[in-house]
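# Breakdown of the fold
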Amino acid sequence: MMGDMSISPVAVRRAAGRQRGRTGWVPATAITLTALLGVGACSAGGSSSGQAAPPAAGSTQPGNAGAGASSATGPVVPGHSTLHWHACTGQAAQQGVPECTTLSVPVDYAKPGGRRISLALDMIPATAPKSQQQGVLLVNPGGPGGSGLSLAAEVAQGLSPDVAARYDIVGFDPRGVGSSVPALSCDRSFFAGPRPNYIPANPAAEQVLINRAKTYAADCGKRFGWLLPHMTTQDTARDMDAIRAAFGVSKINYYAFSYGTYLGQVYATLFPDRVRRMVLDSVVDPTGVWYADNVDQDYAFQGRMEAFFAWVAKYDSTYHLGSTAAQVQSAWYRARNRLLAHPVNGTIGADEFDDTFLQGGYLDELWPGFAQALSSYLNDGQAGDLISQYQGYGKQGENEFAVYNAVQCSDVGWPRNWSFWTSDTERIYAKAPFQAWDNAWFNAACAFWPVKGPTKPLQIKGTGLPGILMLQGTLDPATPYAGAQDAHKLLPSARMVVVKGGGNHGQSMEQPSNSCVQGYLNAYLATGALPSNSGTVNATCPAVPAPTP
């Protein structure tokens, strides 16, 4: 599931994200987000006593703005730039993004004169007077494998207009992704459905899935063997620094979700003196990269699925799927078994069904549509709603999958003995059946990947960094809360706003908006203000209410 390990709610609404690892993705129905900067029910610390609103975006209240600030000097607002911008076309133009460009970067930064690839960038330029501008705000939606081009417009719309106007908001497709060249693709037919059941019925069925993973890994090696050794998170972090250099600035600001938070941690470790401000929403545990993080996700997504079953049961008068969570769960598995035997349109089988409902773990805004699809399929024999939900949220993108594997399989070594995967997954399945096998197969290519990563992940270091804002829900399944706190401990200048009971993956730019979270976000980007309380919980916000049918 780390495969979907991380994708923002913006991305999920855009395409229903997947970080399988699933850190998260989402299909593409771009939703305009209007984030309101206002006074929410917030607590500026771990205590529940007293309510305090975050500083307003225009406030001069410093909070911890100077914590660990770097002494590096140089321009922050772009002046001379080596980038050559042109009018955007296609989806970017439709979203109102005015400027697009490409940047050439080395495949291997140890050989800067060698082969090169190109990154696709777009930008919403700052409109505030020059004296009020605060430089480049680089944004990333997660993945690995998520396209960041549309995120620039979404962030510009989601921030307070006064704050957005102060930044050049820059989206980019990381190496191998989307409009960057080349875009990785190892087997375009890999997700053609229906696929073999994620849950193997016997050793022979398991071997079929093992062979699929082996073949996919081999195909990636055949097609992109020259690039795969250079698809790590560290390579992408160096690409980010190349973007900074191309703008001609000494430091960048960074705002990211899910896997993008790990990318930010890596960038901050490699280039601590080049970070001005950094917002990490739904934070990856860098100590579990990547196998352990995926296992943690299995248990967390099980909890979110059970919350979905309970929510549907609450509205039995609407959906008629059962008045208890156990009854709804039984109905869900009845639908899964029916699709396993008789796929809809010869396309949507059990795996595709799983992939669709997984997105409800990322974003409970999707629950009403999923519940209606399940109800109409089981109670009315109608598959139209199920098809539309799959098309909108469950359909996989092979480019994202290829990049996901290329990054995570190379960042760090994975177990190479498949019997270890089998025994581990069977153990997890006994307690967390919803995603145990699904997630194992989503990551299985890493057992056979042509590039072997290092024994241990990069050690994240937080020395010399300015204040960092972390946003985290306590029930987030893709980046579980305990792991986010592991990251927090490694970044002493960070301050975490905890959304109590928040299960969505991505706490900022929600719909409906969480005004408390948005207040902290806008205040930090406006002035650098951070919650002043010490400890691991520096401020709290209430979660947005669960949806209604």
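Residues numbered from 1 in each chain as written. Predicted model: local features only at pLDDT ≥ 70, side-chain atom pairs only at ≥ 80, totals over all residues. Heavy atoms only, no water.

### Notes on helix H18 (residues 515-527)
With 13 residues, H18 extends 18 Å between its outermost C-alpha atoms, agreeing within 8% with the 18 Å of an ideal straight helix rising 1.5 Å per residue. A large share of H18 lies buried, amounting to 11 of its 13 residues. All of the buried residues along H18 are Cys-516, Val-517, Gln-518, Gly-519, Tyr-520, Leu-521, Asn-522, Ala-523, Tyr-524, Leu-525 and Ala-526. Phi for Gly-528, located one or two positions after H18, is positive at around 85°. (Helix = DSSP H or I, 4+ residues; strand = E, 2+ residues; numbered from the N terminus. Expected span 1.5 Å × (residues − 1). Buried < 20%, exposed > 50% of the residue type's maximum accessible area, 1.4 Å probe, protein only.)

### Here we look at the packing of aromatic side chains
Per the stated rule, a full pass over the model turns up 36 aromatic pairs. Aromatic side chains Trp-414 and Trp-421 sit 5.7 Å apart centroid to centroid with 15° between the ring planes, which places their arrangement in the stacked category. Just as Trp-414 is buried, Trp-421 falls in that class too. Over the face of the ring belonging to Trp-226 we find Arg-115, whose NZ or CZ atom lies 3.5 Å from the ring centre. Directly above the ring of Tyr-377 sits Arg-338, whose terminal nitrogen or CZ lies 5.3 Å from the centroid. (Phe/Tyr/Trp six-rings, centres within 6.5 Å; stacked < 30°, edge-to-face > 60°. Lys NZ or Arg CZ within 6 Å of the ring centre and 35° of its normal.)

### A few points about the nonpolar core
Of all hydrophobic cores here, the largest spans 89 residues; its most connected members are Leu-184 and Trp-449. The residues touching Leu-184, leaving out its near neighbours within four places in the chain, are Gly-176, Phe-224, Leu-227, Leu-228, Met-231, Asn-399, Ala-402, Val-403 and Ala-406. (Core = buried A, V, L, I, M, F, W, Y, C linked by side-chain atoms within 4.5 Å. Contact = heavy atoms within 4.5 Å.)

### Focus on the sheet that holds strand E8 (residues 252-257)
As summarised here, the arrangement of the 10 strands in space is E2-E3-E4-E7-E5-E8-E9-E10-E11-E12, forming an open sheet in which the pairing is mixed. Each of the sheet's edge strands pairs with one partner strand only, and the pair in question is strand E2 (86-87) and strand E12 (539-542). In this structure, strand E5 (residues 136-140) lies alongside E8, joined through 4 bridges in parallel fashion. The residue bridging Leu-137 from the neighbouring strand is Asn-253, located in E8. Relative to the sheet, helix H6 (residues 233-247) contacts strand E3 (99-106), strand E4 (116-124), E5, strand E7 (168-173) and E8, its axis offset from that of E3 by approximately 120°. (Pairing = 2+ DSSP bridges. Axes fitted to C-alpha atoms, helices over the stretch in contact; angles between N-to-C directions.)

### Concerning the state of the cysteines
Counted under the stated rule, the structure contains 4 disulfides. Through a disulfide, Cys-88 is tied to Cys-100; the S-S separation comes to 2.0 Å. Handedness of the Cys-88-Cys-100 disulfide follows from its S-S torsion of about 105°: it is right-handed. Highlighted residues: Cys-88 in the loop between E2 and helix H2 (90-94) and Cys-100 in strand E3, separated in sequence by 12 residues. (Disulfide = S-S within 2.5 Å.)

### Quick look at the environment of Leu-263
Looking at the secondary structure, you find Leu-263 in helix H7 (residues 259-270). Overall, the relative accessible area of 0% leaves Leu-263 in the buried class. Distance from Leu-263 to Thr-233, taken between C-alpha atoms, is 6.1 Å for residues 30 residues apart in sequence. If sequence neighbours within four positions are ignored, Leu-263 has contacts with Asn-140, Phe-172, Thr-233, Thr-236, Ala-237, Met-240 and Tyr-254.

### Concerning the environment of Thr-236
Along the chain, the position of Thr-236 falls in helix H6. The exposure class of Thr-236 is buried, given its relative accessible area of 5%. If near-sequence neighbours (up to four positions away) are discounted, Thr-236 is found in contact with Pro-174, Arg-175 and Leu-263.

### Describing the pairing of strand E10 (residues 468-473)
In terms of residue burial, E10 counts as a mostly covered element, since 6 of its 6 residues are buried. Both faces of E10 are covered, namely the face carrying Ile-468, Met-470 and Gln-472 and the face carrying Leu-469, Leu-471 and Gly-473. Inspection of the sheet shows strand E9 (residues 275-281) paired to E10 by 4 bridges, in the parallel sense. The residue bridging Leu-280 from the neighbouring strand is Met-470, located in E10. As defined by bridge partners, E10 adjoins strand E11 (residues 494-500) across 6 bridges and the pair is classed as parallel. Residue pairing across strands places Gln-472 opposite Val-498, the latter belonging to E11. Following the chain from E10 across helix H17 (residues 481-490) to the adjacent parallel E11, one finds a crossover that is right-handed. (Right-handed = clockwise from strand over helix to strand, strands pointing away.)

### Comments concerning unusual backbone geometry
Cis geometry marks the peptide bond from Val-181 to Pro-182; its omega dihedral reads 0°. In this structure, Trp-290 follows Val-289 across a cis peptide bond, with omega equal to -15°. Positive phi values are uncommon outside glycine, yet His-320 reaches one of about 55°. Mapped onto the secondary structure, His-320 falls in the loop between helix H9 (316-319) and helix H10 (325-341).

### Some points on the environment of Gly-394
Locating Gly-394 in the fold gives a position in helix H13 (residues 384-394). For Gly-394, a relative accessible area of 1% corresponds to the buried category. For Gly-394 and Phe-353, which are 41 residues apart along the polypeptide, the C-alpha to C-alpha distance reads 7.5 Å.

### Considerations on the pattern of salt bridges
Overall, the coordinates contain 9 salt bridges when judged by the stated rule. In this structure, Arg-274 engages Asp-241 in a salt bridge whose closest nitrogen and oxygen atoms are separated by 2.4 Å. Separated by 33 residues along the polypeptide, Arg-274 in the loop between H7 and E9 and Asp-241 in helix H6 bring together distant segments of the chain. Residue classification places Asp-241 among the buried residues on the basis of a relative accessible area of 8%. Among the ionic pairs, Asp-424 bridges to Arg-427, the shortest N-O distance being 2.4 Å. Placement of both Asp-424 and Arg-427 in helix H15 (residues 418-429) is noted, with a separation of 3 residues, approximately one turn of the helix. (Salt bridge = Lys/Arg side-chain N within 4 Å of Asp/Glu carboxyl O.)

### Looking at the packing of H6 against H7
Across the interface, H6 lies against H7 with an axial gap of 9 Å and an inter-helix angle of 70°. As summarised for this structure, H6 and H7 are arranged roughly perpendicular, according to the angle between their axes. Residues Thr-233, Gln-234, Thr-236, Ala-237, Arg-238, Met-240, Asp-241 and Arg-244 of H6 form the contact with H7, whose own contacting residues are Tyr-259, Tyr-262, Leu-263, Val-266, Tyr-267 and Leu-270. The residue makeup of the contact of H6 with H7, split by class, is 8 nonpolar, 3 polar and 3 charged. (Parallel < 35°, antiparallel > 145°, perpendicular 65-115°, else oblique. Nonpolar A, V, L, I, M, F, W, Y, C, P; charged D, E, K, R; others polar.)

### Digging into helix H14 (residues 398-411)
Across its 14 residues, H14 extends 20 Å between first and last C-alpha, which sits within 8% of the 20 Å expected from 1.5 Å per residue. The buried fraction of H14 amounts to 13 of the 14 residues, a majority that puts the element mostly inside the structure.

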